[in-house]
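Observations on the three-dimensional arrangement
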Amino acid sequence: AYQEARRPGDTLTRLPHLVAGDQQRARALFEAAFAEADAAFDLPTCFALLGVLDAHGGQLGPGLQEARREARRRYRSRALFADAYCRTGTFHRREDVYRAFREVLDGDGPWIFHLHATGGMGKTMFLRWLLARELVPAGVACARVDFDELRLDAVRSHPWLALAPLLQQLDEQSPGQNLAGTTSLVEPYVHLLRPVDAAGKEAPPPDEALGDELVMQAGRALQGLGLGRIVLVLDTLEVVTVFPDTFARIFDCLRRLHARVPALRVVLAGRYDIRRRVPGLAPALATEARVFELSRFAPDQAEDYLVARGIADPALRAAIVDKVAEPADEGGRAGCNPFKLALLADLALGSEAITPADIRSLPSADY
């Protein structure tokens with residue numbers, strides 16, 4: 001069956017016949033072919049394999065039904081982060097920040113990983129890579145919300161509503177979508193988070209009791225799912241933390257959810273250290289969070305990044321690093337802003353004729 005699974009076209013032709021005649025072999029073939037497509041992030045083949053079983057739903061025995069349920073859950077999980085996967089093909093892994101996150105994920109101490117840095121340091125890129133290429137492939141249930149994509153007025157009126165997109169994503173990854181009852185609580189409010197859909201619609205009055213009910217039901221549902229570690233990412237927090245009371249209420253919801261689900265891990269990411277932005281949370285973060293400031297690439301990291309991108313000429317790499325290098329400021333180390341470095345790497349890779357002199361003659365790299 002494994003050898004058959006290495007030929008997707010043959011598998012899609014053979015699988016319907018095995019469903020009708022030998023379901024044990026059909027399951028082995030389906031699982032092997034799906035696992036290989038999943039490992040290659042070949043979502044179209046995963047979808048096509050599921051389609052074969054869906055078309056024969058009435059003929060599936062318990063074994064194939066179980067295999068289909070697990071494969072569908074896996075497909076939904078990968079599809080949720082497909083965009084992040086495609087955006088991180090050239091990501092350069094940074095061991096220091098990855099190790100710091102793993103200490104939180106695997107440990108029994110802090111349950112919050114607070115990542116902060118100025119613009120262009122690669123916070124969001126790291127989180128996209130972490131979710132799409134590390135955690136989700138390893139079977140960790142994950143969800144991410146970017147506060148740049150939410151209406152701030154809705155979050156300020158209903159801080160607990162920030163949990164809604166996170167719970168909806170976890171529902172997609174849960175066996176049988178068992179969080180549906182919880183997410184239905186906030187369905188009348190979710191449209192308020194979307195700038196276009198919310199036009200002309202009046203917001204329901206704030207209901208703190210509904211927020212409490214949401215946290216309680218979500219905690220109960222997540223406890224019963226047996227998902228193992230769960231990672232929630234709240235990204236681009238610089239705007240919402242301008243309003244300390246609003247963020248403190250969001251934090252309280254997360255804290256109460258963690259009390260019910262100890263396997264929960266939360267990532268808080270933005271430009272600023274929340275301990276300074278929301279001083280009232282500093283005592284809690286001091287004991288419950290691992291704080292990590294993402295810094296510029298050191299020269300050797302910048303060199304490694306350019307090598308990984310495929311820039312073979314050492315002189316060209318040196319010119320790019322020199323062009324992008326910045327002195328230390330505000331306590332940060334000297335080095336290269338990763339986003340600026342990526343801009344010049346893209347430029348160099350786009351022209352075979354570019355020379356170190358061309359790089360040095362460019363205006364200052366900025367964005």
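Scope of this entry: the structure provided in the associated data block. (Residues numbered from 1 in each chain as written. Predicted model: local features only at pLDDT ≥ 70, side-chain atom pairs only at ≥ 80, totals over all residues. Heavy atoms only, no water.)

Here we come to the overall build of the protein chain. Helix and strand counts for the protein chain stand at 20 helices and 7 strands. Expressed as lengths along the three principal axes of its C-alpha atoms, the size of the protein chain is roughly 70 × 55 × 45 Å. Within the span of the protein chain, comprising 367 residues, buried residues form 50% of the whole. For the protein chain, restricting intrachain contacts to residue pairs at least 6 apart in sequence, the fraction spanning at least 24 positions comes to 76%. For the protein chain, the accessible surface area stands at approximately 16,900 Å², while carbon and sulfur atoms represent 52% of it. Here the protein chain holds 44 positive side-chain charges and 49 negative ones, and the gap between their average locations is 2 Å. (Helix = DSSP H or I, 4+ residues; strand = E, 2+ residues; numbered from the N terminus. Buried < 20%, exposed > 50% of the residue type's maximum accessible area, 1.4 Å probe, protein only. Contact = heavy atoms within 4.5 Å. Areas by Shrake-Rupley, 256 points an atom, 1.4 Å probe, with all protein chains shown as cover. Lys, Arg positive; Asp, Glu negative; His and termini not counted. Charge placed at Lys NZ, Arg CZ, Asp CG, Glu CD.)

Turning our attention to the packing of helix α3 (residues 23-39) against helix α5 (residues 62-80). Two elements in contact, α3 and α5, have axes whose closest approach is 10 Å; the angle formed by their N-to-C orientations is 10°. Taken together, α3 and α5 sit at an angle that is classed as roughly parallel. Residue-level inspection shows Gln23, Ala26, Arg27, Phe30, Glu31, Phe34 and Asp38 of α3 in contact with α5, the latter providing Gly63, Leu64, Glu66, Ala67, Arg68, Ala71, Arg74, Tyr75 and Arg78. Looking at the contact of α3 with α5 residue by residue, the class counts come to 7 nonpolar, 2 polar and 7 charged. (Axes fitted to C-alpha atoms, helices over the stretch in contact; angles between N-to-C directions. Parallel < 35°, antiparallel > 145°, perpendicular 65-115°, else oblique. Nonpolar A, V, L, I, M, F, W, Y, C, P; charged D, E, K, R; others polar.)

Right, let's talk about unusual backbone geometry for a bit. Even without a glycine there, the phi angle at Phe41 is positive, about 50°. If you trace the backbone, Phe41 turns up in the loop between α3 and α4 (43-55). The residue Thr236 is not glycine, and still its phi comes out positive at about 55°. Positionally, Thr236 belongs in the loop between β3 (230-235) and α14 (244-260). Judged by its relative accessible area of 8%, Thr236 is buried.

For Leu362, the location among the structural elements is in the segment after α20 (356-361). Leu362 gets classed as partly exposed once you look at its relative accessible area, which sits at 26%.

Applying the stated criterion across every chain, the model contains 25 salt bridges. For the salt bridge of Glu303 with Arg317, the shortest nitrogen-to-oxygen distance reads 2.7 Å. Of the two residues, Glu303 is situated in helix α17 (residues 299-309) and Arg317 in helix α18 (residues 314-324); the sequence distance between them amounts to 14 residues. Of the residues examined, Arg317 reaches a relative accessible area of 10% and is grouped as buried. With its nearest N and O atoms 3.4 Å apart, the salt bridge here joins Glu326 to Lys340. One end of the pair, Glu326, is in strand β6 (residues 325-326); the other, Lys340, is in helix α19 (residues 338-349), with 14 residues separating them in the sequence. Via salt bridges that share partners, Arg27, Glu31 and Glu66 belong to a single interconnected network. (Salt bridge = Lys/Arg side-chain N within 4 Å of Asp/Glu carboxyl O.)

This paragraph deals with the pairing of strand β1 (residues 112-116). Among the 5 residues in β1, 5 count as buried, and that is most of the element. Burial of the side chains of β1 extends over both faces: Ile112, His114 and His116 are buried on one face and Phe113 and Leu115 on the other. Bridge count between β1 and strand β4 (residues 264-270): 5 bridges; the pairing is parallel. Within the sheet, the bridge partner assigned to His114 lies in β4 and is Leu268. (Pairing = 2+ DSSP bridges.)

Glancing now at helix α13 (residues 208-225). In a regular helix each residue adds 1.5 Å, so 18 residues correspond to 26 Å; α13 covers 26 Å between its end C-alpha atoms and thus fits that length. Every buried residue of α13 is accounted for by Leu210, Gly211, Leu214, Val215, Gln217, Ala218, Gly219, Ala221, Leu222 and Leu225. Just past α13, the residue Gly226 takes up positive phi, approximately 60°. (Expected span 1.5 Å × (residues − 1).)

We now examine the packing of aromatic side chains. Under the criterion given, the structure shown has 11 aromatic pairs. Centroid distance Phe101 to Phe113: 5.8 Å. Interplanar angle 80°. Geometry classified as edge-to-face. Of the two residues, Phe101 sits in helix α7 (residues 95-106) while Phe113 sits in strand β1, which places them 12 residues apart along the sequence. Connected via pairs of aromatic rings, a cluster forms that spans Phe91, Tyr98, Phe126 and Trp129. (Phe/Tyr/Trp six-rings, centres within 6.5 Å; stacked < 30°, edge-to-face > 60°.)

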